[in-house]
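Single-letter residue listing:
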Amino acid sequence: MKKRTKKIMALMMTAAVAATTFGAGGSTLVYAEDAEDYSEPLPEDYEGTLTMWGWDDPYFEAITKAFNEKYPNVKFEYTPMANGDSLQKYQTALATGTELPDIGWAIIDSRAKVFELDMWEDLSAAPYNFDINEVYDYLHPKMVNSKGAVCGIEQCLSPAGIAYRKDLAKEYLGTDDPKELEAMFPTWEAFIEKGKEVLEKSDGKVYMWPGIADAQQFIREQGAVSWIDGNTINATESLQRSLDLACQFRDAGIVDKLEAWSAPWYASFGEDTHIFAGCATWSVPFTIEPNDPEGESTGHWGLMNAPEGNISWGGTTMGITKTCKDKRLAWEFIKFATLSTEGAEVLNKIGYLTSAKAPYEENPELKVWKSKWFGDQDLGAYFLDEIIPNIETRPMNLDDNIIHETLNLVTTALNNDSSMTAEDAMDYLKEELEMKLPDYTIK
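Residues numbered from 1 in each chain as written. Predicted model: local features only at pLDDT ≥ 70, side-chain atom pairs only at ≥ 80, totals over all residues. Heavy atoms only, no water.

Engineer: I'm lost on empty space enclosed by the protein in this one. Help?
Structural biologist: One way to see where empty space is left: roll a probe the size of a water molecule over the atoms. Counted by the stated rule, this structure contains three cavities of 30 Å³ or more. Taken as a whole, the largest cavity encloses approximately 60 Å³ of empty space. In terms of lining, the largest cavity is formed by Asp214, Gln217, Phe218, Trp261, Trp265, Ala277, Gly278 and Trp313. Those elements giving two or more residues to the lining of the largest cavity turn out to be helix 8 (212-219) and strand 10 (276-280). Sorting elements by how many residues they give to the lining of the largest cavity places helix 8 first, with three residues. (1 Å grid on protein atoms, 1.4 Å probe; cavity = no way out; pocket = protein on both sides within 12 Å on 5 of 7 lines; lining within 4 Å. Points joined across faces, edges and corners; volume = space filled by probe spheres on them. Helix = DSSP H or I, 4+ residues; strand = E, 2+ residues; numbered from the N terminus.)

Listed below in C-alpha cells is the structure:
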C-alpha cells in the first residue's frame with residue numbers, strides 16, 4: 001500500500017502545474033513541491049518502519065502497541081539509551097554521517113543545545129502545520145529552538161508541585177488537607193518557621209525535606225527569569241535567592257542531608273522521617289510508588305501547590321529528523337502519541353497526562369488519574385487545574401545544563417560545609433561558571 005500511494009503521489013506531483021507566469025524573459029513553469037496532505041489519516045493497511053532512540057521503555061511499549069492496533073503493518077525499531085547521552089549521540093551521528101533515528105527524543109536538560117543541531121523538521125511548517133496552541137501554554141518555550149521552529153512535541157505533561165506525607169503532616173502540622181497546608185505556607189520563609197516547630201516536636205527526628213538539594217532544585221526553577229541574557233549570566237539576579245534559602249534550610253536544621261537520587265534518598269520515601277518532596281507527574285510512578293510499599297494500602301501521600309509557585313520539571317519531546325525515511329508515517333505516529341484522544345487514553349493508563357488540550361475536552365474522564373498511594377485524591381485534576389495554572393516557565397538557553405551542573409556542585413558544598421554562607425556559595429558559583437563558560441560575563 002505504501003508503494004502504491006507513493007507512486008500515485010509522484011504522478012500527481014508530475015502533473016500538477018501550479019501556475020504559468022509570463023514576463024519579459026518568457027515563461028516559467030512552477031510545479032507544486034509537495035502535494036501530499038499530512039492532515040489526512042493514513043490508510044489502515046499502510047506499511048512502514050520507524051526507528052527511535054529513547055529512554056522510557058514503558059512509554060515506548062505502551063504507545064507503539066496502541067498505534068499498532070490502528071496500523072498493524074507498521075514496525076518500530078527502538079534503541080535504548082541514557083537520556084544524558086542523547087546530545088553526544090546526536091552530535092556524533094551528525095559529525096560522522098552515521099544514521100540518525102527517524103524520530104528523535106529530546107530531554108529537557110540538554111534540549112536547548114539539541115534543538116540547535118541541524119537535524120530537525122520544523123513541525124509548525126508545511127506539510128505538518130502543527131499549531132503550538134494545541135498544547136498547554138507553559139510548554140511553548142520548551143518546544144522551539146532559537147529560530148522559533150517547533151522541533152518536537154512533549155510526550156506528556158511534567159508539572160510539579162509538592163507531595164507530602166499525610167500522616168506526618170497531620171501529626172506535626174495539624175492537618176493533611178492540601179488547601180489548609182497551602183494557606184499555611186504562602187512563602188518559603190513561612191515553610192522554614194513551621195519546619196522549626198516540626199523539628200522541636202519530633203525531637204529532631206522529622207525533617208521537612210530529605211536534603212538541601214531537594215529544596216534547591218525546586219526553588220531555582222520557580223519564576224520566569226532567564227538565567228542567561230545574551231552573553232551575560234545573571235547569576236545574582238536569578239539564583240541568589242535559591243542559595244539564600246538553601247542556607248536558611250540548612251542552618252535551621254529542617255532538612256536532612258541525603259543526596260538527591262542516591263539509594264538512601266530513594267529509600268526515604270518509605271520511611272517516616274521526611275514530610276515533603278518535590279513531585280512531578282512522573283515522580284508518582286518512578287520515585288514514590290516503588291519506594292513506599294506500605295503507601296499502597298495506607299494512602300500515605302497528598303499533593304499540594306508549592307510555596308511561591310509550581311514548576312515545570314523534566315519532560316521529553318519527540319520530533320522528526322531531516323533524514324527520516326518516511327516523514328508522513330512519522331508525523332502520523334507523533335500526532336497519535338501526543339495530540340490524539342486515543343494516545344491520551346494510553347498515557348492515562350500508565351499514569352501520564354497528555355500535553356494536548358483537546359483530548360481533555362473530548363473526553364473529560366482523561367483528567368481523572370488516581371494512585372493508591374494518594375488515596376482518594378484525584379491527581380490528574382489537581383495537576384491540570386491547580387498545579388499548571390500556577391507555573392511560570394523561564395526560557396531555555398544553550399548553557400542551562402552547565403549552570404544546572406554547577407549549581408548541584410555548589411549545593412553539595414553547602415551540604416558538606418556548614419560554615420559556607422550564601423555569599424560564599426554565590427562566589428563559588430561565579431568562579432566555576434567563569435571557568436566553565438569563559439565567553440560569558442558573569443554578574
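Engineer: Would you mind going over the state of the cysteines with me for this structure?
Structural biologist: What we call a disulfide is simply a covalent bond connecting the sulfur atoms of a pair of cysteines. Within this structure, the stated rule accounts for zero disulfides. For the unlinked cysteine cysteine 156, the closest cysteine sulfur is that of cysteine 279, found at 13 Å. Residue cysteine 324 stays outside any disulfide, its sulfur separated by 15 Å from that of cysteine 151, the closest cysteine. Judged by its relative accessible area of 7%, cysteine 324 falls in the buried class. (Disulfide = S-S within 2.5 Å. Buried < 20%, exposed > 50% of the residue type's maximum accessible area, 1.4 Å probe, protein only.)

Engineer: Help me understand unusual backbone geometry in this model?
Structural biologist: Note: most peptide bonds trans; most residues except glycine with negative phi. Backbone torsion omega between alanine 126 and proline 127 reads 5 degrees, so that peptide bond is classified as cis. Structurally, proline 127 is set in the loop between helix 4 (111-116) and strand 6 (153-154). Despite not being glycine, aspartate 203 has its phi angle at roughly 55 degrees, a positive value. Considering the arrangement of structural elements, one finds aspartate 203 in the loop between helix 7 (188-201) and helix 8. Residue class for aspartate 203 comes out exposed when judged on its relative accessible area of 66%. For glutamate 308, which is not glycine, the phi dihedral falls at a positive 70 degrees. If you trace the backbone, glutamate 308 turns up in the loop between strand 11 (301-304) and strand 12 (311-312). Looking at glutamate 308, the relative accessible area reads 35%, which means it is partly exposed.

Engineer: What is the right way to look at the pairing of strand 11 in this model?
Structural biologist: In summary, the side chains of a regular strand alternate between the two faces of the sheet. A two-sided burial pattern is seen for strand 11, the buried positions comprising Trp301 and Leu303 on one face and Gly302 and Met304 on the other. Relative to strand 11, strand 7 (residues 159-165) is paired through four bridges, and the arrangement is antiparallel. In the strand pairing of strand 11, alanine 163 is matched with leucine 303. (Pairing = 2+ DSSP bridges.)

Engineer: What am I meant to see in the sheet that holds strand 9 (residues 232-233) here?
Structural biologist: For sheets, the rule is that strands pair by backbone hydrogen bonds, running either parallel or antiparallel. A sheet is described by the order of its strands in space; here three strands give the open sequence 8-9-14, paired in mixed fashion. Edge positions in the open sheet fall to strand 8 (228-229) and strand 14 (441-442), since each of these has one partner strand only. Relative to strand 14, strand 9 runs parallel, the two being bridged by two bridges. In the sheet register, threonine 232 faces strand 14, and the bridge partner there is threonine 441.

Engineer: Looking at this structure, how should I read the packing of helix 2 (residues 57-70) against helix 13 (residues 327-338)?
Structural biologist: Two quantities define a packed helix pair, namely the angle between the helix axes and the distance between the axes. Between helix 2 and helix 13, whose axes approach to 10 Å, the crossing angle comes to 110 degrees. Regarding the angle of helix 2 to helix 13, the classification is roughly perpendicular. Once helix 2 is placed against helix 13, the crossing between them reads as right-handed. Contacts between helix 2 and helix 13 involve Tyr59, Ile63, Thr64, Ala66, Phe67 and Lys70 from the former and Leu329, Glu332, Phe333, Phe336 and Ala337 from the latter. Among the residues making up the contact of helix 2 with helix 13, the classes are represented as eight nonpolar, one polar and two charged. (Axes fitted to C-alpha atoms, helices over the stretch in contact; angles between N-to-C directions. Parallel < 35°, antiparallel > 145°, perpendicular 65-115°, else oblique. Left-handed = near helix turned anticlockwise from the far one by under 90°. Contact = heavy atoms within 4.5 Å. Nonpolar A, V, L, I, M, F, W, Y, C, P; charged D, E, K, R; others polar.)

Engineer: Looking at this structure, I do not really get the pattern of salt bridges. What am I missing?
Structural biologist: Two side chains with opposite charge may pair up if their charged atoms get near one another. The final tally for this structure, using the stated rule, is 23 salt bridges. Among the salt bridges present, the one from lysine 196 reaches glutamate 193, with a minimum N-O distance of 3.2 Å. In this pair, lysine 196 and glutamate 193 are both assigned in helix 7, three residues apart and thus about one turn of the helix distant. Residue class for lysine 196 comes out partly exposed when judged on its relative accessible area of 37%. A residue is classified by how much of its surface remains accessible, and glutamate 193, at 43% relative accessible area, is partly exposed. Measuring nitrogen to oxygen at the nearest pair gives 3.5 Å for the salt bridge that ties glutamate 197 to lysine 194. (Salt bridge = Lys/Arg side-chain N within 4 Å of Asp/Glu carboxyl O.)

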